[in-house]
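Listed below are the residues making up each chain.
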Amino acid sequence: MRIAAVKPNDLAVVQDDSFLLVGEALAESGLLSKGASMIDFIAHYDRVKNFLDDIIAKGRKIPRDSNLLKAPVERPSKIWAAAFNYKRGSSDIKDAAGRGETLKFTPEQALEMTFLKPSSAVIGPEQAILIPRGERTVYPELELCVVIGNEARNVSKEQALNHVFGYTIMLDMTARGPNPPGTGVGSCRSVRKGFETFAPSGPWITTRDEITEPHNLMMNLWIDGALCQSANTAGMINGIAELVSFLSQVTTLYPGDLISTGNPDSPAFQRKLMAGEQLKAEIEKIGPMNLSVRDA
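So, here is what we can say about the structure in this document. (Residues numbered from 1 in each chain as written. Predicted model: local features only at pLDDT ≥ 70, side-chain atom pairs only at ≥ 80, totals over all residues. Heavy atoms only, no water.)

Helix and strand counts for the protein chain stand at 8 helices and 18 strands. Here the C-alpha atoms of the protein chain give a radius of gyration of 19 Å, agreeing with the 19 Å that 2.2 N^0.38 yields for 296 residues. Taken along its principal axes, the extent of the C-alpha atoms in the protein chain is 65 × 45 × 35 Å. Within the protein chain, the fraction of its 296 residues that count as buried is 53%. (Helix = DSSP H or I, 4+ residues; strand = E, 2+ residues; numbered from the N terminus. Rg over C-alpha atoms; globule rule 2.2 N^0.38 Å. Buried < 20%, exposed > 50% of the residue type's maximum accessible area, 1.4 Å probe, protein only.)

Cis geometry is adopted by the peptide bond preceding Pro 8, which originates at Lys 7 and carries an omega value of 0°. Inspection of the secondary structure assignment puts Pro 8 in the loop between β1 (2-6) and β2 (10-15). A cis geometry characterises the amide bond from Gly 202 onward to Pro 203, with omega recorded as 0°. A positive phi angle, close to 55°, is found at Arg 88, a residue other than glycine. For Arg 88, the location among the structural elements is in the loop between β5 (79-81) and α5 (107-111). Positive phi, close to 55°, is recorded for Ala 96, a residue that is not glycine. Mapped onto the secondary structure, Ala 96 falls in the loop between β5 and α5.

What the rule picks out here adds up to 9 salt bridges. The residue Lys 193 makes a salt bridge to Asp 172 at a minimum N-O spacing of 2.8 Å. Here the residue Lys 193 occupies a position in the loop between α7 (189-192) and β13 (199-207), and Asp 172 occupies one in the loop between β11 (164-171) and β12 (174-176), the gap between them amounting to 21 residues. This pair shows no difference in class: Lys 193 is buried, exactly as Asp 172 is. Shared partners join several salt bridges into a network, and the residues in it are Lys 117, Glu 141, Asp 172, Arg 176 and Lys 193. (Salt bridge = Lys/Arg side-chain N within 4 Å of Asp/Glu carboxyl O.)

Looking now at the packing of aromatic side chains. Across all of its chains, the model carries 5 aromatic pairs by this definition. For the pair Tyr 45 and Phe 165, a centre-to-centre distance of 5.0 Å together with 85° between the ring planes defines the contact as edge-to-face. Placement of Tyr 45 in helix α3 (residues 45-48) and of Phe 165 in strand β11 is noted, with a sequence separation of 120 residues between them. By way of ring pairs, the aromatic residues Phe 41, Tyr 45 and Phe 165 are connected into one cluster. In this structure, Arg 176 is placed above the aromatic ring of Tyr 139, and the distance from its NZ or CZ to the ring centre is 4.5 Å. (Phe/Tyr/Trp six-rings, centres within 6.5 Å; stacked < 30°, edge-to-face > 60°. Lys NZ or Arg CZ within 6 Å of the ring centre and 35° of its normal.)

Attention now goes to the sheet that holds strand β15 (residues 226-232). Taken together, the 5 strands give an open sheet; going across it, the order is β8-β18-β17-β14-β15, and neighbouring strands pair in mixed fashion. Each edge of the open sheet is held by one strand with a lone partner, namely β8 (128-131) and β15. Direction aside, the axes of adjacent strands within the sheet are offset by 20° on average. (Pairing = 2+ DSSP bridges. Axes fitted to C-alpha atoms, helices over the stretch in contact; angles between N-to-C directions.)

Moving on, we come to the side chain of Ser 18. Considering the arrangement of structural elements, one finds Ser 18 in strand β3 (residues 18-21). Overall, the relative accessible area of 6% leaves Ser 18 in the buried class. Among all residues touching Ser 18, those that are not within four sequence positions of it are Val 13, Lys 61, Ile 62, Pro 63 and Arg 64. (Contact = heavy atoms within 4.5 Å.)

The next point concerns empty space enclosed by the protein. Empty space among the atoms becomes visible once a probe the size of a water molecule is rolled across them. Evaluation of the coordinates by the stated rule reveals 1 cavity of 30 Å³ or more. Each pocket or cavity is described by its volume, and for the largest cavity that value is around 40 Å³. The wall of the largest cavity is formed by Arg 99, Pro 140, Leu 221, Ile 223, Cys 228, Gln 229, Asp 265, Phe 269, Gln 270 and Arg 271. Contributions of two or more residues to the lining of the largest cavity are made by β14 (218-223) and β15. (1 Å grid on protein atoms, 1.4 Å probe; cavity = no way out; pocket = protein on both sides within 12 Å on 5 of 7 lines; lining within 4 Å. Points joined across faces, edges and corners; volume = space filled by probe spheres on them.)

To continue, consider the environment of Tyr 167. Along the polypeptide, Tyr 167 turns up in strand β11. Contact partners of Tyr 167, with chain neighbours within four places excluded, come to Leu 144, Cys 145, Val 146, Leu 161, Trp 204, Ile 205, Thr 206, Arg 208, Ile 211, Pro 214, Ile 240 and Ile 286.

So, about helix α8 (residues 240-250). What sets the pattern is the α-helix's 3.6 residues per turn: residues three or four places apart point alike. Summarising burial for α8: 8 of the 11 residues are buried, a large majority. Those residues of α8 not exposed but buried are Ile 240, Ala 241, Leu 243, Val 244, Ser 245, Phe 246, Leu 247 and Ser 248. Considering only its buried residues, α8 is in contact with β5, α5, β10 (142-148), α6 (157-160), β11 and β16 (258-260).

Turning to its location among the elements, Ser 248 is positioned in helix α8. Here the side chain of Ser 248 touches Gln 249 through a polar contact of 3.5 Å, side chain to side chain. Setting aside residues no more than four positions away along its own chain, Ser 248 makes contact with Ala 152, Arg 153, Asn 154, Val 155 and Leu 253. (Polar contact = N/O pair within 3.5 Å; in protein donor to acceptor, adjacent residues only side chain to side chain.)

Structure, rendered in C-alpha cells:
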C-alpha cells in the first residue's frame, strides 16, 4: 500500500491515477480521531489494517494531483541521517555504485557518524527548497528514508525490520560554507544540513510489505531534466536493520520517526543548485517527487 498525506488535512491510499481519501471513513468507523495525522495512522496501523478493505470501499476517490500532497510525516519527533553509508568506488554514474573514493571507515565507525536533522526542515512535494542567505552553496543528496512503525528501544538486528512501517524519499540537503576566517573548517553537519526546507520528503509512504528488498532499489535524481544522481541501495554499508538497531540503542524510536539511509555520491560528484531550477527525485517502488529551488 502507498499511503499519502494530502491537503488540507486528510490521508489517502494511492491508486494508479487517483487518491482514495480515507480519513473521514477512519473517523466515522471510530478507528482514528477526526483529522488524524500520518503519525496517528502509523501508531494505530496494527489495529487499522484489519479494516482497511472496508475503509477503502467507503473512501472518496479524487484525481491524483501531486499539488495536493503534503510531506508524509510533517513533524516527526526526530530525523536521523546516516553519513558515509555507501561503498562508492566509481566515477561513472552508469555504474549505479556511488561515485567517489572507496571509504575506509568500518561499518561500526560509520554508524557512529549518524546525525540528527531538525523536523522543522521538513517540506513536501512541489514545494521550494530555499537557498540560505550568505555565501552558501547548496547540494541535494537523494536518499532512501525509513519510516518507523512502532516504538523501538534496544532492538536486535534480527527484530529491527519489525519496527519499520515503510519507506519514502528524502533529500538530505546540504549547505557548504562560508568557512570561519583563518580556521580552515566549515560548519558542523547539524548546521549545514539543518536549514529550513532541508529535509524534503515524499511523495508518500510505501509500506514495508510492498518493498520486500529495500537493499535493491534504483534511485535517480534529475535537475532541470539532466540526470545528476543514479545509484542502487545495494551499495549501503550498514543496512536498514543495522541502522534501526543501532539508533534504538541511542534513543527510543517512535512511530513516524525518520531514518535517512545515506547518499551514494561524494561531494565532488554532487551538483550545486541554483534558484529557479526544478528537481525530480525518484526511487523504485516508491515513486517520483518534484521540487523547485529559490532564494530565501
